[in-house]
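# Notes for the structure review
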Amino acid sequence: QLQLAESGGGLVQAGGSLRLSCVASGHSVSGHAISDHAMGWFRQAPGKEREFVASTAWVADYRHYSPSVQGRFTVSRDSSKNTLYLQMNALKPEDTAVYYCAAGPSLGATSSTGYNFWGQGTQVTVSS
């Protein structure tokens, strides 16, 4: 199966920056390679639903962002390392959440139901 591992979370003051990483390994249950999957970043704050942040793909020049992070966050990838990144700038207290990377079969999915592999999450806390 695909395994995803996020890292890079931490505590930062409002206006600061963090870069999250997600390392992918293995294969999906269906037998597809890592490069066949669409990738997404989601976040979830306590008491709230999991929220779409950004999506991309390993083999397509495609990026999509939630309006709440557009212009502040940038998703990128290093295919040679099977690593996905989320550069977060101009962080706000409302960005505080556990951030997850995810993999799924369909490019551009913005719902968590469109992804079937998930990392364990990394905590991002933005102080006021």
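Residues numbered from 1 in each chain as written. Predicted model: local features only at pLDDT ≥ 70, side-chain atom pairs only at ≥ 80, totals over all residues. Heavy atoms only, no water.

Once that is clear, we can look at the sheet that holds strand S3 (residues 18-25). Spatially, the four strands line up as an open sheet ordered S1-S3-S8-S7, and their pairing is antiparallel. Two strands close off the open sheet at either side, each with one partner strand: strand S1 (3-7) and strand S7 (73-78). Ignoring strand direction, the axes of neighbouring strands in this sheet form an average angle of 15°. As defined by bridge partners, S3 adjoins strand S8 (residues 83-88) across six bridges and the pair is classed as antiparallel. Residue pairing in the sheet places valine 23 in a bridge with threonine 83 of S8. (Pairing = 2+ DSSP bridges. Helix = DSSP H or I, 4+ residues; strand = E, 2+ residues; numbered from the N terminus. Axes fitted to C-alpha atoms, helices over the stretch in contact; angles between N-to-C directions.)

With that settled, the discussion passes to the pattern of salt bridges. Under the criterion given, the structure shown has four salt bridges. Residues arginine 63 and aspartate 61 are paired through a salt bridge, measuring 2.9 Å at the closest nitrogen-oxygen approach. The partner of aspartate 95 in a salt bridge is arginine 72, with the nearest N and O atoms 2.8 Å apart. In this pair, aspartate 95 sits in the loop between S8 and strand S9 (97-104) while arginine 72 sits in the loop between strand S6 (63-65) and S7, placing the two residues 23 residues apart along the sequence. For aspartate 95, a relative accessible area of 0% puts it in the buried group. Salt bridges sharing common partners tie together Arg43, Glu51, Arg72 and Asp95. (Salt bridge = Lys/Arg side-chain N within 4 Å of Asp/Glu carboxyl O. Buried < 20%, exposed > 50% of the residue type's maximum accessible area, 1.4 Å probe, protein only.)

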